Amino acid sequence: MLAGVVGKKTFTAYMLLGWLVMNLLIISNWWHFQYFRAYYNYDVFRFGSDGLEVVRSFSAFEYTREALQLLLLSALFSWTAVRWYRPAHYRTTGVYGLKTICLVAGLICFNAIASVGQQLKQKNAYVLLPEYFHPVHAFFLSLDSKVFNDDFVESWNAFKGLNTPVSDQHRFDSISASIGQAPRYNVISIVLESVRASQVGVYGSVDDLTPNLDRIARENSYSKNFYANSNLTIKSETSIFCGVFDHGAKISIAEYREEKLLDCLPEVLANNGYKTFYFHGNSGRFYNRENYMPLLGFQHNYFHKDQPDAGKDGKTYVGWGVSDEDMYELMLASLSQSGEKPFYANLMTLTSHYPFKAKLPIDDVPFKPMQDKRILSSTAVYNNYRNAVAYADYALGKFWRAFEKSPYYKNTIVLITADHGIWNFPEDVADERVKNELFFRMPLVIYHPDVEQPTVIEAPASHIDIMPTLLDLLSVPRVHLPLVGKNIFSEVQRAWAVYVKGSELFLRDGNSVCYRQNTSCSGVQQTCFSSLDLGDAGVSAVCSELNGDVLQGGRFAMPTETADHWYADSYEMISYENHRIFVEPKKLLMSQPKHLQNIEL
């Protein structure tokens with residue numbers, strides 16, 4: 001459109017700037033999609049400088065060849081346009097007619113994108129990221145949505161109703177009968193970085209990567225069908241600590257400065273006489289944890305990279321921070337000084353963080369890094385990932401042996417889970433449904449000092465169920481808390497789990513998984529909906545029955561279309577969670593129909 005209107009220097013500067021911006025957006029979005037399974041947009045840049053931290057993972061970029069092709073071809077096109085630029089050639093009647101046609105076509109396309117965007121807002125799909133748009137379009141597409149209606153509250157209540165226990169008793173009532181009689185157990189939660197259940201022996205892995213976690217699981221309680229609610233660590237932490245869904249469409253709520261309405265596990269326990277601790281091997285600036293964790297109720301926050309002697313303290317540094325072994329030792333040493341009060345401590349491990357290229361502080365990991373340059377980069381990443389999982393288990397085992405000898409072993413509940421999976425799989429895994437199952441399934445192991453009988457929980461559960469489970473085990477009342485999750489040890493009306501990545505939402509309902517089918521589009525790792533006319537979210541969904549456990553050789557049945565309202569309601573339930581975190585309670589109650597004003601807020 002500028003051709004023939006501006007001089008050659010201005011046109012050259014425009015073409016160069018356009019070449020740089022478009023290539024930067026597309027290639028960086030390819031990498032972002034590879035890691036997070038979603039495109040990013042300009043909203044991300046309103047928050048902090050986390051992108052500088054994430055750049056260190058760029059070394060595992062899998063689309064170098066495609067990126068070079070894009071750079072060279074677009075550079076050739078741009079150079080040719082500049083080289084042969086003659087303003088007079090663009091001022092003829094025919095060229096003006098072509099410009100008019102292009103302008104009209106562009107407006108039609110823009111209107112189509114704006115229309116589908118408006119549909120998405122109305123259908124509440126902006127709780128998720130728009131991966132079905134081109135990465136350039138996605139970057140400039142605002143994800144702000146002010147839509148809120150009574151249906152969201154009704155959907156939230158409906159899902160909460162499904163988690164209503166069928167009786168007032170759960171399996172551990174005999175040891176935690178009431179607040180007055182229950183022991184004051186300490187609690188330690190361990191969140192293993194990127195450790196999928198598919199890599200763990202008790203969940204079906206045959207690689208023998210996790211002998212320590214396997215032993216702990218077999219001797220105690222573990223959940224077989226447990227899911228991460230998100231594919232981002234900080235969002236998983238929000239679900240674990242607060243029992244809520246973090247923003248699917250935006251950067252985590254941890255980054256927002258607005259006042260948040262959160263009733264989280266550390267704060268609830270602190271109000272019940274606990275000392276609360278958070279441990280991480282990186283800096284507190286990453287994901288704004290230095291401000292976010294105190295808001296959640298963590299009274300003592302330890303970020304190793306922020307310590308005055310970090311890097312000169314004789315500790316082992318691996319990848320993004322200090323080694324898991326050192327962090328476990330630091331945590332135990334800190335807890336020994338906690339005094340007479342019971343404590344709740346959380347450790348977020350770090351050594352097994354993407355891109356898994358760091359030299360591990362032990363030599364006896366099962367899989368050595370692939371050095372042959374002919375090996376596909378994705379294969380090398382996967383083998384390095386297995387090394388990282390093996391080390392995470394090694395460090396956990398070392399901690400567990402020290403814990404068993406400590407005074408805490410007989411009065412401390414320990415919960416072990418993971419934050420999210422990675423999008424990298426064995427070469428023989430091609431079914432997208434299987435990949436998603438591998439990606440989201442997490443280990444969940446619970447040690448209770450007064451439970452001698454090992455327990456295997458079959459019902460679907462997820463991160464949002466951790467907070468209500470621990471509160472019940474500690475006999476801390478939660479009836480006043482707005483929690484949609486359940487105690488995983490209780491039998492409920494209908495167990496479910498909802499989990500999201502990018503624009504994809506999955507509902508595990510009993511023995512089936514419901515999702516919206518996407519179709520492949522041109523370009524690296526792009527997906528899209530088959531039509532700009534999205535239709536109803538519930539109608540466009542399909543469900544696949546699980547024939548056995550996918551992690552142990554089970555398969556999905558052929559998908560069938562469904563008009564089940566639960567899938568559509570999942571969007572509204574998550575949107576309700578996202579809205580109420582930032583809404584004043586009085587305004588929220590005013591937006592509800594009168595018969596719903598007595599829900600647990």
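Just so it is clear, the structure is predicted and the values come from calculations on it, not from any experiment. (Residues numbered from 1 in each chain as written. Predicted model: local features only at pLDDT ≥ 70, side-chain atom pairs only at ≥ 80, totals over all residues. Heavy atoms only, no water.)

(A) Up close: the overall build of the protein chain. Counting its regular elements, the protein chain contains 16 helices and 20 strands. In the protein chain, which comprises 601 residues, the share counted as buried stands at 57%. For the protein chain, the exposed surface amounts to about 26400 Å²; the carbon and sulfur share of it is 56%. (Helix = DSSP H or I, 4+ residues; strand = E, 2+ residues; numbered from the N terminus. Buried < 20%, exposed > 50% of the residue type's maximum accessible area, 1.4 Å probe, protein only. Areas by Shrake-Rupley, 256 points an atom, 1.4 Å probe, with all protein chains shown as cover.)

(B) Broad picture of the packing of helix α8 (residues 233–242) against helix α10 (residues 289–296). At a closest axis distance of 11 Å, the pairing of α8 and α10 adopts a crossing angle of 10°. When the interaxial angle is binned, α8 and α10 end up roughly parallel. Mapping the contact onto sequence places Thr233, Ile234, Glu237, Thr238, Phe241 and Cys242 in α8 and Arg289, Tyr292, Met293 and Leu296 in α10. Here the residues of the contact of α8 with α10 sort into six nonpolar, two polar and two charged. (Axes fitted to C-alpha atoms, helices over the stretch in contact; angles between N-to-C directions. Parallel < 35°, antiparallel > 145°, perpendicular 65-115°, else oblique. Contact = heavy atoms within 4.5 Å. Nonpolar A, V, L, I, M, F, W, Y, C, P; charged D, E, K, R; others polar.)

(C) Layout of the packing of aromatic side chains. One pass over the full model with this rule turns up 36 aromatic pairs. An angle of 75° between the planes, with centres 5.5 Å apart, marks the rings of Phe403 and Tyr409 as edge-to-face. Joined through ring pairs, the aromatic side chains of Tyr227, Trp423, Phe425, Phe439, Phe440, Tyr499, Phe506 and Tyr515 make up one cluster. Above the ring of Trp84, the side-chain terminus of Arg83 is found at 5.1 Å from the ring centroid. The ring of Trp496 is capped by Lys486, whose NZ or CZ atom sits 5.9 Å from the centre of that ring. (Phe/Tyr/Trp six-rings, centres within 6.5 Å; stacked < 30°, edge-to-face > 60°. Lys NZ or Arg CZ within 6 Å of the ring centre and 35° of its normal.)

(D) Inspection of the side chain of Asn212 at higher detail. Secondary-structure assignment places Asn212 in helix α7 (residues 211–219). With residues near it in sequence (within four places) discarded, Asn212 still touches Asp393, Tyr394, Gly397 and Arg401.

(E) Representation of the pattern of salt bridges within the structure. This structure, assessed with the given rule, holds 15 salt bridges. Between Glu219 and Arg215 there is a salt bridge, with the nearest N and O atoms lying 3.4 Å from each other. Of this pair, Glu219 and Arg215 are both found in helix α7, four residues apart, which corresponds to roughly one turn of the helix. The exposure class of Arg215 is partly exposed, given its relative accessible area of 31%. Among the ionic pairs, Arg433 bridges to Asp431, the shortest N-O distance being 3.0 Å. Relative accessible area serves as the criterion here: at 30%, Asp431 is assigned to the partly exposed category. Salt bridges sharing partners connect three or more residues here, namely Glu437, Arg441, Arg508 and Asp549. (Salt bridge = Lys/Arg side-chain N within 4 Å of Asp/Glu carboxyl O.)

(F) Focus on helix α3 (residues 64–83). Taking 1.5 Å as the rise per residue, α3 with 20 residues should run 28 Å; its terminal C-alpha atoms sit 28 Å apart, in good agreement. Among the residues of α3, Ala67, Ser74, Ser78, Ala81 and Val82 are the ones counted as buried. The arc enclosing the buried residues of α3, seen along the axis, measures out at 95°, which places them on a common side. Opposite the buried face of α3, at more than 90 degrees from it, the exposed residues are Arg65, Leu72, Leu73, Leu76 and Trp79. (Expected span 1.5 Å × (residues − 1). Arc of directions from axis to C-beta.)

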